[in-house]
Every structure is written in structure tokens, then in C-alpha cells.
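Summary of the model geometry
Each chain, letter by letter, is given below.
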Amino acid sequence: MKFIYTSVFCFICAFTLAQDKTNTSYLDFNYFKGNIALHNSDILHLIQGHPEGYILSWNKKTFGFKDWEQRYNYPDYGVTYAYQNMKNPVLGSVSSLYAHYNFYFFKRNLMFRIGQGLAYAEEAYNKDTNFRNIAYGTRIMSSTIVMLSYKKERIFDRFGVQAGFSLIHYSNANVKAPNASTNTLALNLGLTYSLDDEDPEYQYTLDDSDRKFKEPIRYNLVFRSGINESDIVGSGQFPFYVVSTYADKRINRKSALQFGADVFFSNFLKELIHFKSVSFPEENVSGEEDYKRVGVFAGHELFINKMSLVTQFGYYVYYPFDFEGRTYLRIGLKRYFTKNWFGALTLKSHGAKAEAVALGVGIRL
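Residues numbered from 1 in each chain as written. Predicted model: local features only at pLDDT ≥ 70, side-chain atom pairs only at ≥ 80, totals over all residues. Heavy atoms only, no water.

1. Side note on the overall build of the chain
- Within the chain one finds three helices and 16 strands.
- Relative to a compact globule of 365 residues, whose C-alpha radius of gyration would be 21 Å, the chain shows 22 Å and is just as compact.
- Its C-alpha atoms put the chain at 70 × 55 × 30 Å along the principal axes.
- Out of the 365 residues in the chain, the part that is buried amounts to 45%.
- For the chain, contacts bridging at least 24 residues in sequence account for 61% of all contacts bridging at least 6.
- When the accessible surface of the chain is split by element, carbon and sulfur atoms take 62% of a total near 18,600 Å². (Helix = DSSP H or I, 4+ residues; strand = E, 2+ residues; numbered from the N terminus. Rg over C-alpha atoms; globule rule 2.2 N^0.38 Å. Buried < 20%, exposed > 50% of the residue type's maximum accessible area, 1.4 Å probe, protein only. Contact = heavy atoms within 4.5 Å. Areas by Shrake-Rupley, 256 points an atom, 1.4 Å probe, with all protein chains shown as cover.)

2. Considering the packing of aromatic side chains
- This model, assessed by the stated rule, comprises 22 aromatic pairs.
- Relative to Y319, the ring of Y316 lies with its centre 5.3 Å away and its plane at 15 degrees, an arrangement referred to as stacked. One exposure class covers both Y316 and Y319, and it is buried.
- In this structure an aromatic cluster arises from ring pairing among W68, Y72, Y77, Y101 and F103.
- When the ring centre of F280 is taken as reference, the NZ or CZ atom of K276 above it lies at 5.4 Å.
- Here the basic side chain of K348 rests over the ring of F264, its NZ or CZ set 3.7 Å away from the ring centre. (Phe/Tyr/Trp six-rings, centres within 6.5 Å; stacked < 30°, edge-to-face > 60°. Lys NZ or Arg CZ within 6 Å of the ring centre and 35° of its normal.)

3. Here's the deal with the pattern of salt bridges
- Under the counting rule described, the total for this entry stands at 20 salt bridges.
- One salt bridge connects K87 with E52, and the closest N-O pair in it is separated by 2.9 Å. Of the two residues, K87 is situated in the loop between β3 (76-85) and β4 (93-105) and E52 in strand β2 (residues 52-61); the sequence distance between them amounts to 35 residues.
- One salt bridge connects R293 with E355, and the closest N-O pair in it is separated by 2.8 Å. On the criterion of sequence distance, the pair formed by R293 in strand β12 (residues 292-304) and E355 in strand β16 (residues 353-364) is long-range, its members being 62 residues apart. Across the pair, exposure class does not vary: R293 and E355 are buried alike.
- Ionic contacts of the salt-bridge type, sharing partners, join the residues K61, D76, K151, E153, R154 and D199 into one network. (Salt bridge = Lys/Arg side-chain N within 4 Å of Asp/Glu carboxyl O.)

4. Some thoughts on the confidence of the model for the chain
- Residue-level pLDDT values for the chain average 92, and 94% of them are 70 or greater.
- For the stretch residues 14-19, pLDDT sits under 50, and the model shows eight contacts to residues farther than four places along the chain or on other chains. (pLDDT = per-residue confidence, 0-100.)

5. With respect to the environment of N284
- With respect to the helices and strands, the residue N284 is situated in the loop between α3 (267-279) and β12.
- Spatially, the C-alpha atom of N284 lies 54 Å from that of N30, the residues being 254 residues apart in sequence.

6. Observations regarding the nonpolar core
- One finds M86, L91, V94, Y136 and Y170 to be the most contacted residues of the largest nonpolar core, which totals 22 residues.
- Broken down by secondary-structure element, the contributors of at least two residues to this core are β1 (25-36), β4, β5 (110-121), β6 (140-156) and β7 (159-171).
- The biggest single contributor to this core is β6, with three residues.
- When residues no more than four places from it in sequence are discounted, the contact partners of Y136 are M86, L91, V94, A121, E123, A124, Y125, M141, Y170, P178 and T182.
- Residues F297, F303, Y319 and Y328 belong to the second largest nonpolar core, which totals 15 residues. (Core = buried A, V, L, I, M, F, W, Y, C linked by side-chain atoms within 4.5 Å.)

Structure, rendered in C-alpha cells:
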């Protein structure tokens, strides 16, 4: 109930922000039904029915009164609440709250939504009462929602329609084991309702020179931290620390290329190394292996107003203990508070297997 109250409060706040001469807003409500994707054979026993639920969103439209809005074809941004019945008493139901962006293509008939937020699971793993739920190790999880929909607004008065496909991902990013996670692939069908009588006109003030953007190479220093656990249930949660340094080069107003290095201090590996040395002598782990790792990476940063999306691909050059392979991925969001200082929320994984979600702070010089 607390999660629902919080969601209602966020929508009320959103409505108060909607009164803006340069922006209008609308609601959309979608019913969805689909399947849990079998991304991991360990969750086969959890796939029983066809999950269904609804998605309620408040959206603020942009019309190009700011330059970044024109560069991205006048996107929407807003808040989404989703409820999903997983059709399995072991998994129960999940409620989630997101911040999202909507991007448009094909004369604004195709909408792509991506949102990131938190989810609350009605049921979570418990070794005594719910040991079969290896998908959700905690009740609070991170969640990602992706929608691709055909959309037509104001077909009848303020009402419109939309229909398409959705993906909803739940995971606690190995904050606590187990964390097999779930991905729901679904069809969605819904209505839109405009909250304003009419929309302002789209602005077209950018000229061709806007694409020409030069900036010298910048140097970044980032510190990240969080807690996580190995896949061994009950092995304990431990803090980790990551120090990263990299150079980036803006190739245009939207994109920058990156190259740098990470140093990982992953304390959960200390416990895992000790556990392997004692419990699995056939794996030839001495217990003296170093838990630290060093990686080099190349990446890309996509700038959207004061936010940016970061994707990085790395390779461990110092790798004394074998854990999930020598390559790793990092994806996440950055928020620039000033020209130089930023905060970051990132997920590190090895392929589709998450290792940790981290909060970070950095400086770009």
C-alpha cells in the first residue's frame, strides 16, 4: 500500500508541473498480457501462466522551446506506474514506479518508451517459506520498462489509442542472492487522454550549424560504490568500490566516445575465494588469490539535456581469480549537476548476468 500511496503522490506532483505555456501533458493507460521469457533455465519452474497487468503514465510533451528537444524530435518525459500479476503464487504480483522518456519516429506515429525505476515484489525468496522463488532475492528491486507502440492522439475529442509491445525487467542486480530475475514480454493496448485543450506549435529554430560541435578531449575521474553478494545464497552482502578514470571526446552534440580503466575492489570475492578453497578442492583455488581486478574499457555517452546514457565494454587485464569471464559490460545513467560534476547510477554485468548496481560521483575536466 505504501508503494501505491507514493505513486499517487508522484502523479499529483506531476499534474501540478503540467501547467506550462510551453508544454502540455497527457495520460495513457495500457492493459498488457504476455509471457515470462526463459532467459535462464533455472527459472523454468516459475513460468506457469501468462502475466498480465496495467501501465499508467503521466507524460509531459515538449515542443522545441529548448534546443535539446528539437535535436531529439520533441520527446515526452514523465512518470509511469505499472502493476503486474505474475500468474504464479511463488512470484505473486509486482508494482513498479519509473521515470521515463518517449521518443518518436515515422511522423510521430511510432513511440519508443524507456523507463528506469524501482519495483516492489509481493513475494520474495525465503529459505523456509518461499525457497522456490529464485528470481527475486529481495522485495525491492530495480526495474526497466521498454515499450514500442503505434500511437494516435485526439481521435475522439481528447482521447486517442496506442498499441504495441512491452518488456518489463525485474532484478535486484545481485544486491542479495538469489537473483535469477524475470523478463516479461507482452502485448499492450491502451488509451491516451490529453489534459490540455490544444498543443503549442512545434518550434524549428535550429540551423544546420547546430550539428557542428567541437570540444577538446575531456578527462574524467569517477568513484562508485554499493553492496552485493555472490550467487551462493547466504554468503553475505559486502561493500564494493570502483575507481575509474577515462578520457572522452565529443564527436557531436549528442555523442562522446570514451576510453579508460577501472580498478575493482569487490569484497564479496574475498568470501567467494575462501568458500571455493574450502568447499571445492577440485577447482584448485588456494584461497590466496587476489580479490582485486583491473579492467580497460571503451564506451559511448549519449547526452540528453542534463542526463546522459552511458554504455561501456570492458576487458580485465588483471584477473587473478576467474569469476564470470574476462569481459564485462556497464550501462547506466548520468546526471550533470554542474558543467563538471555529475552523479551516476550504473549496472555492471557479465553478458546477461548482473554483478552489481553502483552509485557514483565524478568530475569531468
